[in-house]
Amino acid sequence: MQTRKELVSIDEVSHWAILVEFLDSVEKSAGETVKSKVDYKDILTTEDFSLFSKLREVRKKLAEENGLPVYAVCTNEQLAEIAKRKPKSLSECMQIEGIGQGKAEKYVPALLECINSQNNEA
């Protein structure tokens, strides 16, 4: 966002004119990071993306049941990692960054069930 102020005189009366301009490109100050959108369809295999999509549906259901935003259950990054690794246990899931004991016990069983059902279909 940029602002510009000018003093304008109309009929011997002065007024402040203020222009506020919102820019399309976002510039962050030092120390701030900008996360770009990731297209998981581009970075996952077709099989992994299919599982990722099913995991997102399970995550949405879990979030709704618990009255939470979906990212509080698992982030897209965590789901993508689960889709790649296809863990078979809570402890394997806990090796993924951001998945601790609490998340593992509360949400991972449903995710593991989704992985198992995907494996059975294949």
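Structure report, in brief.

Criteria and thresholds
- Residues numbered from 1 in each chain as written.
- Predicted model: local features only at pLDDT ≥ 70, side-chain atom pairs only at ≥ 80, totals over all residues.
- Heavy atoms only, no water.
- Helix = DSSP H or I, 4+ residues; strand = E, 2+ residues; numbered from the N terminus.
- Buried < 20%, exposed > 50% of the residue type's maximum accessible area, 1.4 Å probe, protein only.
- Contact = heavy atoms within 4.5 Å.
- Areas by Shrake-Rupley, 256 points an atom, 1.4 Å probe, with all protein chains shown as cover.
- Phe/Tyr/Trp six-rings, centres within 6.5 Å; stacked < 30°, edge-to-face > 60°.
- Salt bridge = Lys/Arg side-chain N within 4 Å of Asp/Glu carboxyl O.

## Digging into the overall build of the chain
- For the chain, the count of helices and strands is six helices and two strands.
- Shown N-terminal to C-terminal, the secondary structure of the chain runs as helices and strands in the order β-β-α-α-α-α-α-α.
- Sorting the 122 residues of the chain into buried and exposed places 25% on the buried side.
- In the chain, once contacts between residues fewer than 6 apart in sequence are set aside, the share between residues at least 24 apart is 46%.
- When the accessible surface of the chain is totalled, it reaches about 9200 Å², and 49% of it is carbon and sulfur.

## Re the packing of aromatic side chains
- Here the structure, examined in full by the defined rule, presents two aromatic pairs.
- Relative to F52, the ring of Y40 has its centre 4.9 Å away and its plane inclined at 35 degrees; by these criteria the two rings are tilted. You can see Y40 sitting in helix α1 (residues 40-43) and its partner F52 sitting in helix α2 (residues 46-66), a full 12 residues away along the chain.
- Ring plane angle 35 degrees and centroid distance 5.9 Å describe the contact between F49 and F52, whose orientation is recorded as tilted. With a gap of three residues between them, F49 and F52 both fall in helix α2, about one helical turn apart.
- On the basis of relative accessible area, F52 is assigned to the buried category, the value being 1%.
- Taken together, the aromatic side chains of Y40, F49 and F52 make up a single cluster linked through ring pairs.

## What about unusual backbone geometry?
- Phi at E12 takes a positive value of approximately 65 degrees, unusual for a residue other than glycine.
- Mapped onto the secondary structure, E12 falls in the loop between β1 (2-10) and β2 (13-21).
- Backbone geometry at K86 places phi at a positive 50 degrees, although glycine is not the residue there.
- For K86, the location among the structural elements is in the loop between α4 (76-85) and α5 (90-93).

## Looking at the pattern of salt bridges
- In this structure the tally under the stated criterion is five salt bridges.
- The closest approach of N and O atoms between D48 and K86, which form a salt bridge, is 2.4 Å. Pair noted here: D48 is in helix α2 and K86 is in the loop between α4 and α5, with a separation of 38 residues, a long-range link. Exposure class is identical for D48 and K86. Each is buried.
- Members of the salt-bridge network, linked through shared partners, are E81, K84 and R85.

In short, geometric facts, not functional conclusions.
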